[in-house]
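Listed here are the chains, written in short residue letters.
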Amino acid sequence: MWLKGFLRRVRGLWRSETIHREITDELQFHMDMRVEENIRRGMSPDEARRDAERSFGNLTRIKEHGYDVRGGRWLKTVWQDLRYGARSLVKNPLFTLIAVLTLALGIGANTAIFSIVNAVLLRPLPYREPEKLMTIWTTRRQQGQGQFRTSLPNFKDWREQSRVFEGMAAYGINLYNLTGGGEPEQIRGAQVSEDFFNVMGVQAALGRTFTPEDNSGNFVVLSDAFWRRRFNSDPGVIGKTLTLNGTNFTIVGVMSARFDFPGQEVVMWVTLSQATSGAPNYANLRTNHSFCVVARLKDGVTSKQAQTEMDVIASRLQQQYPETNANLGVSVIPLYEQVVGNVRLAMLVLLGAVAIVLLISCANVANLLLARAVSREREFAIRAALGAGRWRLIRQLLTESLLLALLGGAGGVLLAVWGISSLNRLDPGDVPRFDQVSVDGVVLGFTLAVTVLSGIIFGIAPALSAKANLSVALKDSGKGAIGTRRGQRLRSVLVVSEIALALILLVSAGLMIRSFLRLLAVDPGFNPHNLLTMQIILPPSKYADSQRIANVYREIFERLALQPGVEAVGAGTGLPPVFNQLRSSFTVEGYQSSSSSERYQMIANILSINPEYFKTLGIPLIAGRAFSDQDNERAPRVAVISQRMVKRYFPDRQAIGSRLSFGGAANPQRCMVVGVVSDVKYSGGLSSAEEDAIYLPYSQAPTKGMYLMIRAGADPLSLVASARSVVRSVDADVPIANIKIMDEVIDSSVARPRLIVALLGLFGAIALTLAVIGIYGVISYAVAQCAQEIGIRMALGARPSDVLRMMVGRGARLALAGVAIGVIGSFAATRALGDLLFGVGPTDPLTFGGVATLLTGVAILASYIPARRALKVDPVTALK
Amino acid sequence: MTSKQKADLLQGTLDLLILKALSLGPMHGYGVGQRIMQMAEEMLKIEEGSLYPALYRLEDKEWIKSEWGISENNRRARFYKLTPAGRKQLNIEEENWQRFAFAIGKVLGAA
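What you see as residue numbers is a count from 1 along each chain, following the sequence as written. A letter from A marks each chain and a number from 1 marks each ligand, given out in the order of writing. Under the rules for a predicted model, residues below a pLDDT of 70 receive no local features and side-chain atom pairs below 80 are neither given nor counted, while totals for whole chains, interfaces and linings still include all residues.

A closer look at the overall build of chain B
Then, number 1: The secondary structure content of chain B amounts to four helices and three strands.
Then, number 2: Of the regular secondary structure in chain B, the N- to C-terminal order runs α-β-α-α-β-β-α.
Then, number 3: Any residue whose C-beta has 12 or fewer other C-beta atoms within 10 Å is treated as exposed, any with 20 or more as buried, and any in between as partly exposed, C-beta atoms being built from the backbone. Across the 111 residues of chain B, 28% fall into the buried class.
Then, number 4: By the convention adopted here, residues make contact when the C-beta atoms placed from their backbones lie within 7 Å. Restricting to contacts in chain B with at least 6 residues of sequence separation, those with at least 24 account for 48%. Helix and strand assignments come from DSSP, with helices taken as H or I runs of at least 4 residues and strands as E runs of at least 2, each series counted from the N terminus.

Structure follows, in structure tokens:
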């Protein structure tokens, strides 16, 4: 009897031991005083003790009495209730098992989702006073268009002119080729201004962070993970050098594992000085918006005040630099918002979903308890007759409910721990801090609160309804007609609410599933199957001149194409549909923009590609020609544009042969359109809108980084080894990074919606199952209760089909009532899904209709099965 | 008179005596017994068997409250103390008792 042992231990935690001890101590003191007194009066010690004991009389009774008065009576009855409750749970193992499992599902789902919410939303960011950290973005004023990064000169002006911040730092993320001392490797690093770590409020775990003096030199701080991986956690690493892009950087510190801003993929932080080493002046262009800004508010300053001041500064810069800063605004957004803002809705939707699952669990258990209460009527009647007050009986029932809830809660925690370990294996996509999800004290506290609350929720109705039955029960032989009908109505209400809640959850899950399918069906504009992608970046120290860059690429492409299994080799500066390196404004010669706001919208993805790019990716050529090897640095500049550009800028004239330019006033580039291809999604994943694209031949627009796209005849992964050896044979110092199959790239671009859809679908399935169990229970109970009525009807000549129709009709009425309420509730609830939906409206009639039909059908089936049992009723037995 | 009725009568009286004894200041159980005995000039002896149940009962009624303290011979002892409610109760019971004793006296004197 593990339960008894468990409860005995629980009792030990209570105060009863203390009370007993205190009373014993008190009486012992008295006894000793009496003995001393007696001895003083001349008794022998023995005699003195005997006299003292005699004067106490029945010591045990005194103790018992004291114990009762001192609160023990209360403890004793609680203990009694607990023991009694435990016994009655053990006596009905099937009931207990079903109830505990149901609750474990509900509580487990809540625990698991809350642990995610806790890690993702609730835990403060791991920086000093994180609520004061703000991110600052450039915006385009006229369109109120989204935030983008800032140029270094603008950042410096902001920092100098603002008064509301304690500090302001800039950072940009770059790829670096790490060479020397082991395999060449491409790593991601953040280029940060010297006060970056101060603003974040973090210190190095080893060595130091940057100081203002570091600005002129090349210094680097390592992340904990990188330090462990590349340097084997060597504490002597401080002072050593790291060769990045051919330049030596001195290691000054290592951060703790907790610090991973601005992202986990960033393995080191380097000083800003390097910004100027690659392309001179580029970093200092006011048009080069490639830095993010983070700032710490002064004490007592709100983000709103900061925004006001930054607005003034932006206007001032606009007047001062009309060429570059016209229309540029500033947006101050708390870092916390920046990190979690776009997952909050999804998290809240999941929390809502598990809350519904828990409510349905509670309704189911309440139903079970109500059914059981009827069979226990006599038991309670007898206890009442023996002097148990109504409150005592209610307390007894509530104690049992709490006991059930606690068992369910314990099961739920186990389920949640298991669930979280499975969740951790899933790809969460861009959900921040997902790797930190765990069941900690906060989560357990939440679970305990939820457990107790649900114990009360599902226990209160059965406990309160227990009273009406008392007087009736003893008179009647146990069928308790009045009480039963009352209980039956309550149970019907519970089932109707279960169905309504399940419908809301299923409709939401259905909408999410439909959006997800829509998302998967989106044509990215190219053929992603059997495509191997990888990134190569040429070390800038070695490849400074564009001729050399073009040559080495050409050699790599040509040799790769000869490898067995390779059908075609494309290369470009973007990785559709998730990433493109460069976006730029452009102008079309002969096209007059209708308004200045349109002028600001003329932004296109600019890609350098090799001649085989379109063929390899399967992007159809619509007009003109693709590039060839003749489009080299000596030939006239040419471009291929996307179809939607033709529609918009060449509605009534020939696009081929026309000219366009891009790159802004600082670095204008002019070229002639020679071809048109269909549209491709380049950034933002499948759900994003198509954007204009301008393609340039790589030999006319060489860059040091490109994505290779290798079209394979069969399994693309089989080509990894040969691709590696080809690149190494061309130049052993060129690292390969981000080797991926394109199908996986697309797959992980929809990882977040998939995670949410999977979880909602799971919870929807649980809700459906529980609701079905609920309606099944109510109908089978009704059949059992109505046996007499059915017997009479059949004796009077009712046909079996009539009886069946009567019982199934009862279930159908409950189901329809639940569905009707649920549909109304869903109209309100699904609107909250908002942005999570893609290509499906929140009131999608197909989803609503489908789910309502499904739920009604399943509910009728669930009542049909027990209803058939009514046909087996033997009129003679029933009437006896 | 059954023993139960006798107990009730004694109980009321004993409660009064305890409250009175504690009105002189906090005291532990043993001291309460001693104090009553002294006040009655050794004419009354309180049995421990009735003293402690009475103390617990009075505490349950919140007329007295108890806490651990140090006795005059430096030992840990449970000290009882009159609560404001207890003081009020003492006044009521004292009055009742006076009236009762006065009435009894009248009856006995008349005979």
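We are not done yet, so read on.
Here we look at helix 4 (residues 84-110) of chain B
Along an α-helix, residues three or four positions apart point the same way, because every turn accommodates 3.6 residues.
Then, number 1: Expected helix span is computed as 1.5 Å times (number of residues minus one). With 27 residues, helix 4 of chain B extends 39 Å from end C-alpha to end C-alpha; this agrees with the ideal 39 Å at 1.5 Å per step.
Then, number 2: Along helix 4 of chain B, only two of the 27 residues are buried, which leaves the element largely exposed.

A closer look at the sheet that holds strand 3 (residues 76-82) of chain B
Residue and element names in this part refer to chain B.
Then, number 1: Taken in spatial order, the three strands of this open sheet run 1-3-2, and their pairing is antiparallel. The open sheet has two free edges, formed respectively by strand 1 (27-28) and strand 2 (64-70), since each of these has just one partner strand.
Then, number 2: Here the rule is simple: two strands pair whenever DSSP picks up at least two bridges between them. Note that strand 1 and strand 3 share two bridges and pair antiparallel. By the bridge assignment for strand 3, Met27 is matched with Tyr80.

Let's talk about the pairing of strand 21 (residues 669-677) of chain A
Residues and elements named next belong to chain A.
Then, number 1: In terms of strand pairing, strand 18 (residues 621-624) meets strand 21 through three bridges, oriented antiparallel. Bridge pairing links Leu621 to Val677 in strand 21.
Then, number 2: In the sheet, strand 19 (residues 638-642) pairs with strand 21 via five bridges, with the strands oriented parallel. Paired with Val640 across the strands is Gly675, a residue of strand 21.

Description of helix 6 (residues 152-161) of chain A
Then, number 1: Of all the positions in helix 6 of chain A, only Leu152, Asn154, Phe155, Asp157 and Trp158 of chain A are classed as buried.
Then, number 2: Looking at the packing, one finds that the buried side of helix 6 of chain A touches strand 1 (133-140), strand 3 (165-179), strand 10 (292-297) and helix 9 (303-320) of chain A.

Some details on the interface of chain A and chain B
Then, number 1: Chain A puts 15 residues into the contact, and the matching count from chain B is 15 residues.
Then, number 2: Put simply, the parts of the chain that give the side of chain A that touches chain B at least two residues each are helix 2 (16-40), helix 3 (45-56) and helix 4 (59-91) of chain A.
Then, number 3: Broken down by element, the side of chain A that touches chain B gets its largest block of residues, six residues, from helix 2 of chain A.

Digging into the domain arrangement of chain A
Then, number 1: Per the domain assignment, the segments making up chain A are domain 1 (2-74), domain 2 (143-326), domain 3 (345-521 + 751-879) and domain 4 (543-732).
Then, number 2: Each domain's extent is set by a domain assignment, obtained either automatically or from a database. Domain 2 of chain A and domain 4 of chain A are separated by 30 Å when their C-alpha centres are compared.

Concerning the packing of helix 6 of chain A against helix 9 of chain A
Residue and element names in this part refer to chain A.
Then, number 1: At a minimum axis separation of 10 Å, helix 6 and helix 9 run at an interaxial angle of 130°. Between helix 6 and helix 9, the interaxial angle falls into the category oblique. For helix 6 against helix 9, the interelement crossing comes out right-handed. For the pair helix 6 and helix 9, contact is made by Asn154, Asp157, Trp158 and Gln161 and by Met310, Ile313 and Leu317, respectively. Axis geometry follows a simple rule: fit a line to the C-alpha atoms, using only the stretch in contact for helices, then measure angles between N-to-C directions, giving values from 0 to 180 degrees. For classification, angles of less than 35 degrees are called roughly parallel, those exceeding 145 degrees roughly antiparallel, those between 65 and 115 degrees roughly perpendicular, and all remaining angles oblique. Handedness of each helix crossing follows the sense of rotation of the near helix against the far helix: counterclockwise by less than a right angle gives left-handed, clockwise gives right-handed.

Remarks on the environment of Tyr591 of chain A
All names here are of chain A.
Then, number 1: With respect to the helices, strands and loops of the structure, Tyr591 is situated in the loop between strand 16 (582-588) and helix 18 (596-601).
Then, number 2: For Tyr591, a count of 15 C-beta atoms within 10 Å puts it in the partly exposed group.
Then, number 3: Sequence separation of Tyr591 and Arg648 is 57 residues, and the distance between their C-alpha atoms is 9.8 Å.

Section: the nonpolar core
All names here are of chain A.
Then, number 1: The nonpolar core is taken to be a set of buried Ala, Val, Leu, Ile, Met, Phe, Trp, Tyr and Cys residues joined by way of C-beta atoms within 7 Å. One finds Ile499, Ala502, Leu503, Ala767 and Ile775 to be the most contacted residues of the largest nonpolar core, which totals 108 residues.
Then, number 2: No other element matches the 22 residues that helix 11 (residues 335-375) contributes to this core.
Then, number 3: Beyond its immediate sequence surroundings of up to four residues, Ile499 is in contact with Ala771, Ile775, Ala815, Gly818, Val819, Gly822, Leu855 and Ala859.
Then, number 4: One finds Met534, Ile549, Val588 and Ala655 within the second-largest nonpolar core, a separate group that totals 65 residues.

A few points about the pairing of strand 1 of chain A
Then, number 1: Summarising the sheet, strand 1 of chain A and strand 10 of chain A pair through four bridges and their orientation is antiparallel. Across the sheet, residue Leu133 of chain A finds its bridge partner in strand 10 of chain A, namely Arg296 of chain A.

Details of unusual backbone geometry
Residue and element names in this part refer to chain A.
Then, number 1: With an omega of 5°, the peptide bond between Phe261 and Pro262 qualifies as cis.
Then, number 2: Relative to the elements of secondary structure, Pro262 occurs in the loop between strand 8 (247-254) and strand 9 (266-271).
Then, number 3: Residue Pro576 is joined to Pro577 through a cis peptide bond whose omega torsion reads 0°.
Then, number 4: Looking at the secondary structure, you find Pro577 in the loop between strand 14 (574-575) and strand 15 (579-580).
Then, number 5: In this model, Arg433 sits at a positive phi of 60°, which is unusual for a non-glycine residue.
Then, number 6: One can find Arg433 in the loop between helix 13 (390-423) and helix 14 (441-465).

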